[in-house]
Amino acid sequence: MWLPKLAGIVLLGLGGSFVATLDHPAINYYKDPGDNAITKLNRRLAAGEVKLAFDPQFGYLPGVLEALRVPRESQVLVFSKTSFQAPRIAPRTPRALYYNDEVSVGYVQGGDVVELAVEDPKQGVIFYSLDQDEIGRPRFERRDACLQCHESSATLGVPGIVVRSVSAERSGMPAFQHGTYISDHRSKFTERWGGWYVTGDTGAMRHMGNSITRDRDSAELVPVPNRFDAAQYLTPHSDVVALLVFEHQTHMTNLLTRAGFEIRHAIHHQQAMNEIFHDPPAYRSESTLRRIRQAAEELVDYMLFVEETPLPNAVVGASGFAEWFARQGPRDGRGRSLRQFDLKTRIFRYPLSYMIYSPAFDQLPGPLHAAAVERLRAVLDGEVTGPAYAHLTPSVRTDLRAILAATKPQLFAAGR
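## Describing the pairing of strand S5 (residues 124-131)
Here S5 lies mainly inside the structure; seven of its eight residues are buried. Connecting strand S4 (residues 113-120) to the next strand, S5, in antiparallel fashion are three residues.

## Topic: the side chain of His 24
Tracing the backbone through its elements, the reader meets His 24 in the segment before helix H1 (37-46). Under the relative-accessibility criterion, His 24 is labelled buried at 18%. Residues in contact with His 24, not counting those within four places in the same chain, are His 265 and His 268.

## Regarding the state of the cysteines
On inspection of all chains with the given rule, the structure shows zero disulfides. Sulfur of Cys 146: no disulfide; nearest cysteine sulfur belongs to Cys 149 and is 8.4 Å away. For Cys 146, a relative accessible area of 15% translates into the label buried.

## As for the packing of helix H4 (residues 240-277) against helix H5 (residues 286-303)
Put simply, H4 and H5 touch, their axes get as near as 10 Å, and they point 170° apart. Comparing the axis directions of H4 and H5 gives the class roughly antiparallel. Seen from H4, the contacting residues are Glu 247, His 248, His 251, Met 252, Leu 255, Leu 256, Ala 259, Glu 262, Ile 263, His 265, Ala 266 and Gln 270; seen from H5, they are Thr 288, Arg 291, Ile 292, Ala 295, Glu 298, Leu 299, Tyr 302 and Met 303.

About the thresholds
Residues numbered from 1 in each chain as written. Predicted model: local features only at pLDDT ≥ 70, side-chain atom pairs only at ≥ 80, totals over all residues. Heavy atoms only, no water. Buried < 20%, exposed > 50% of the residue type's maximum accessible area, 1.4 Å probe, protein only. Helix = DSSP H or I, 4+ residues; strand = E, 2+ residues; numbered from the N terminus. Pairing = 2+ DSSP bridges. Contact = heavy atoms within 4.5 Å. Disulfide = S-S within 2.5 Å. Axes fitted to C-alpha atoms, helices over the stretch in contact; angles between N-to-C directions. Parallel < 35°, antiparallel > 145°, perpendicular 65-115°, else oblique.

Right, here's the structure in full:
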């Protein structure tokens, strides 16, 4: 589906187009089969080690969620026609999305497939689908065609996913002439969730959710007159807390992918130059070192919720997602976790992304991982200061160091 140039995107050092193609030898996105939650499940299905139940109403959706450990409570609903299954999507029949740290699952009423986007630790987001036809041994098929929409400036120029906010018409058709935004934890709330349902208590917060344009030519938003039939979905929710976390996670995932691709490409180029000039194999030019430092700083700043837009008031979810998410841990000896919520003035009580536990972070190129760890250490030790880090008070920094020491002790094991 064609999408216009986006408004409201902050293009930082890793923004815009990626300089290399996805088939570059340093990347090999198309040829690398990947090693992720979907490829592992495919192997188990082929071996007969696991079976997917077929539900008469939802097809393979419940079975897929169970097999991938994706909670139903994570359900969020988008009714704008911003998917390849657009003809089936409308305010009465929104597309349902479910997710955990690694995989997102899409379901459309009457759709031919279940859609999946999985974070491969090395290759970033890879797209798959599962036909909604009951067979003995179903198989997830890779869909690189999804990159027509999922590789753009909105995804930092690499394969990725986004939370897109648009002014939607009564039919669900995006009114692009009134603007379109990509949301993460830095976005204005007045520009979030256009074309999405939002359930739970958002207080007096002003946002674009649960609304459509008054008419085709007007930017004024009015409440959706006829909402979806909850009986057609696994839950009646499109939880506000699930949306807040999903926004953070999508950009964090894209940032990890882009940073990894960027440095893999830089190292590949550096190695070629080393051969030409007979430099030692491990030699890094100043330009390569600068790219590594820049990528590390941008990664760590986002992980530390620098420039997070404060919540204008407390919000409360209603689906049980907040409770499920907080239970996932890990926790330190005092019960503290990076998954604990605040939801009064900011999303999380401790402002450091839980994605630091992800395989994608652990498998960043070695020089980038080392630079990111050193940058994080410097910030938490108070060596890096300034207005951008004002939210990291001395007590918050101390808490974060203690949580990491207990839950990921290897992170700083080689440190000072």
